[in-house]
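# Report on the structure
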Amino acid sequence: MVSVLACAALVGGCSRAISGIPTTLGGYSTTDVAGLPAANGPSGPKEGAPESPLKVEGTDNGAMDKLARNAVADIDAYWTATFPKAFPGKRFEPVKRLVSYDSAGPGVQLCRENTAGVVNAFYCSSEDFVAWDRGTLLPQLNNSFGPMAVVTVLAHEMGHAVQHRAGTVTSNDQVIVLEQQADCFAGAYFRHVAEGSSEYFRVSTGQGLNEVMGVLNFIRDSPGDSDFRDGNAHGSAFDRVTAFQYGFSEGPQRCAKMDFNDVQNRTTLFQAWKPIQKADTDLPVDQQSLDAVEKSLRAVFRDTGAEPPKIVTEPKGCGSQRPTSPASYCPNTNTISLDMSALQKIARPPNKDAAATGYGDFAAYAQVASRYALAVQKAAGLPLDDEQTGLRTACMVGAWSGLLVEDPIGQRNPVGNLRIVPDDIDEGVSALLGEKSLIAANVNGDQVPVGFARVEAFRIGVQEGLAPCSTKYGA
Ligand SMILES: [Zn+2]
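Residues numbered from 1 in each chain as written. Predicted model: local features only at pLDDT ≥ 70, side-chain atom pairs only at ≥ 80, totals over all residues. Heavy atoms only, no water.

## Focus: the overall build of the chain
A count of helical and extended segments in the chain gives 16 helices and 14 strands. Going through the 475 residues of the chain one by one, you find that 57% of them count as buried. Considering only contacts in the chain between residues 6 or more positions apart, those separated by 24 or more positions represent 72%. Accessible surface computed for the chain: about 19000 Å², of which carbon and sulfur atoms make up 51%. (Helix = DSSP H or I, 4+ residues; strand = E, 2+ residues; numbered from the N terminus. Buried < 20%, exposed > 50% of the residue type's maximum accessible area, 1.4 Å probe, protein only. Contact = heavy atoms within 4.5 Å. Areas by Shrake-Rupley, 256 points an atom, 1.4 Å probe, with all protein chains shown as cover.)

Below, the structure written as structure tokens:
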């Protein structure tokens, strides 16, 4: 996040109307995942599933290749059945070859590239084949996220095969459009698995999909590296999860509609409002930053008419109300009390290698914003502890975030003097995929149990602003 001290000129000249983005389909409740019941349960290969006879070149016949082969067989079966309905008059043909290689072994020539050291999985469009690194990438995904992570990556690569067969992309399309569409097609396939229709795999709509979204978060573009116009952009975590959710909720037809404009209107790989040094984009958790955050919350929620809550930096009792960490909202006194050291821990920059790692500054301030959103809900007469409270809260935190973007998502005007940089929203996504965030939690700190719903509510707020937070997630 960046605090902007003198930005009257920047903000003054751009009063455009709020333009609506079409709403997504599906249910919006804590017991519903895009129309499917929310449930935890086993995810992974089905017991007693067959071994696919598909031929894999270069295979070592190990566990990773078997998993990948069964995944491709299952994805083939899905597209064989779905393709003619989604793209009338067309038939799905499996890819010409499947190739396994070991990035740590002797290199082989694939798609005009030597595979030595190439920790990747890819679709080669010029020769119509899918290849994967069984030595490093697949075991890494499997060990970090479970077997469905391998299926996720192959569903994405097969999504590229689908787009070339369906003709939903042209050679002029930007990489980001191709990548977003492949994530979307992967989401469409995962709905079929979540519905229980897959021969080989199952995935729970709770923890199972949470892990799949965790994979997309893990393979996101490094923050600040590129904006979406760059030739190598694959999407932020927000973009990738969004595309996956579109495919899951609305099916392949939604994916087919993806083009440059569609992506441009919602990507969070936007250009930062001015060139900023990476080191300058994390606000320390201190009184000065907190004042800037409070001002921005007041500005964003001013039109709701809610009386702004007091924000204090020491613990405050609240009768019988259970306190929550790192921020606690007391409805009776309309006060938010903060645990600054807990906030500072969350604000540590994410670092996969460090023992004590946080989510980044935005994730910390989003916890504060979530308690502010409770004050707004209280003023509107909404319950603070029912099933929907956490979703409304995530949506409102998303709406606040979306209004801090200088390069406006959905052509909205930025509000106040605080701006976010492209990786801030991904810090929010990471925190939402975790177990202990308040961003999608009610006044008692109970987080909405289903990650898909948490991320979806936040995303809708980012994309559409405040209005749907009460209409879609009404009490
Ligand atoms: Zn791709």
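## Some thoughts on the sheet that holds strand β11 (residues 310–312)
Taken together, three strands build an open sheet; the order of strands is β11-β13-β12 and the sheet is mixed. Each end of this open sheet is capped by a strand with a single partner; those strands are β11 and β12 (327–330). If you compare each strand with its neighbour and ignore which way they point, the axes differ by 20 degrees on average. In the sheet, β11 pairs with strand β13 (residues 335–338) via three bridges, with the strands oriented parallel. Considered in β13, the bridge of lysine 310 is made with threonine 335. (Pairing = 2+ DSSP bridges. Axes fitted to C-alpha atoms, helices over the stretch in contact; angles between N-to-C directions.)

## Thoughts on the coordination of the zinc ion
Listed as protein donors to the zinc ion are His156 (NE2), His160 (NE2), Glu179 (OE) and Glu179 (OE); their distances from the metal cover 2.0 to 2.7 Å. Summarised as a motif, the one-chain spacing of the donors to the zinc ion is H-x3-H-x18-E. Taken together, the positions of histidine 156 in helix α4 (residues 147–166) and glutamate 179 in helix α5 (residues 175–194) put the pair 23 residues apart, joining distant regions of the chain. The buried category is assigned to histidine 156, whose relative accessible area is 7%. On the basis of relative accessibility, which here comes to 9%, the residue glutamate 179 falls in the buried class. (Donors = N, O, S within 2.8 Å, 3.2 Å for Na, K, Ca; no water.)

## Some remarks on the state of the cysteines
Under the definition given, this model contains four disulfides. The side chain of cysteine 184 participates in a disulfide bridge whose partner is cysteine 255; the two sulfur atoms lie 2.1 Å from each other. What sets the handedness of the cysteine 184 and cysteine 255 disulfide is the S-S torsion sign, and at about -80 degrees it is left-handed. Of this pair, cysteine 184 sits in helix α5 while cysteine 255 sits in helix α8 (residues 252–256); the two residues are 71 residues apart in sequence, bridging distant segments of the chain. Across the pair, cysteine 255 and cysteine 184 agree in class, each one buried. One disulfide in the model links cysteine 318 with cysteine 330; its S-S distance is 2.0 Å. (Disulfide = S-S within 2.5 Å.)

## A closer look at the confidence of the model for the chain
Put simply, the chain has an average pLDDT of 87, and 87% of its residues get 70 or more. Here residues 5–27 scores under 50 on pLDDT; set against residues more than four positions off or in separate chains, the count is 33 contacts. (pLDDT = per-residue confidence, 0-100.)

## Focus on helix α7 (residues 237–250)
In a regular helix each residue adds 1.5 Å, so 14 residues correspond to 20 Å; α7 covers 20 Å between its end C-alpha atoms and thus fits that length. The buried fraction of α7 amounts to 13 of the 14 residues, a majority that puts the element mostly inside the structure. Positive backbone phi, at 85 degrees, marks glycine 251, one or two positions downstream of α7. (Expected span 1.5 Å × (residues − 1).)

## What about the pattern of salt bridges?
According to the stated counting rule, one finds 15 salt bridges in the structure shown. Here aspartate 183 ties to arginine 240 by a salt bridge, and the two come within 2.8 Å at their closest N and O atoms. Taken together, the residues span a long stretch of sequence, with aspartate 183 in helix α5 and arginine 240 in helix α7 at a distance of 57 residues. Across the salt bridge formed by glutamate 464 and lysine 472, the nearest N and O atoms sit 3.3 Å from each other. By relative accessible area, lysine 472 is classed as buried at 17%. (Salt bridge = Lys/Arg side-chain N within 4 Å of Asp/Glu carboxyl O.)

## Digging into the packing of helix α12 (residues 361–379) against helix α14 (residues 422–433)
Packed helices, taken two at a time, are described by the angle their axes make and the gap between the axes. Interaxial distance between α12 and α14 falls to 7 Å at its minimum, and their mutual angle equals 65 degrees. Classed by the angle they form, the pair α12 and α14 counts as roughly perpendicular. Relative to α14, the crossing made by α12 is right-handed. For the pair formed by α12 and α14, the contact residues are Asp361, Phe362 and Ala363 on the first element and Asp424, Ile425, Glu427, Gly428 and Ala431 on the second. Residues of the contact of α12 with α14, tallied by class, amount to four nonpolar, one polar and three charged. (Parallel < 35°, antiparallel > 145°, perpendicular 65-115°, else oblique. Left-handed = near helix turned anticlockwise from the far one by under 90°. Nonpolar A, V, L, I, M, F, W, Y, C, P; charged D, E, K, R; others polar.)

## Let's talk about the sheet that holds strand β9 (residues 129–133)
Spatially, three strands are ordered β5-β9-β8 in an open sheet, and the strand pairing comes out mixed. For this open sheet the edge positions go to β5 (97–101) and β8 (121–124), each flanked by a neighbour on one side alone. When strand polarity is set aside, the average angle formed by the axes of neighbouring strands in this sheet is 15 degrees. Bridge count for β8 against β9 is four bridges, and the pairing is antiparallel. Considered in β9, the bridge of tyrosine 123 is made with valine 130.

## So, the pairing of β8
Both faces of β8 are covered, namely the face carrying Ala121 and Tyr123 and the face carrying Phe122 and Cys124. The antiparallel pairing of β8 with β9 creates a hairpin that spans four residues between the two strands, and aspartate 128 there sits at a positive phi of about 55 degrees.

## Focus: the nonpolar core
In this structure, Trp132, Phe190, Phe248, Trp400 and Phe458 are the most contacted members of the largest nonpolar core, which totals 127 residues. Examining the composition of this core, we find that twelve residues originate from one element, α12, more than from any other. Among the domains, domain 1 (2–21 + 278–471) and domain 2 (32–264) are the pair contributing at least three residues each to this core. Tyr101, Leu110, Phe122 and Phe129 belong to the second-largest nonpolar core, a separate cluster that totals eight residues. (Core = buried A, V, L, I, M, F, W, Y, C linked by side-chain atoms within 4.5 Å. Domains from an automatic or database assignment.)

## A short note on the environment of proline 84
With respect to the helices, strands and loops of the structure, proline 84 is situated in helix α2 (residues 63–86). On the basis of relative accessibility, which here comes to 34%, the residue proline 84 falls in the partly exposed class. Distance in space between the C-alpha atoms of proline 84 and alanine 166 is 9.7 Å, their sequence separation being 82 residues.

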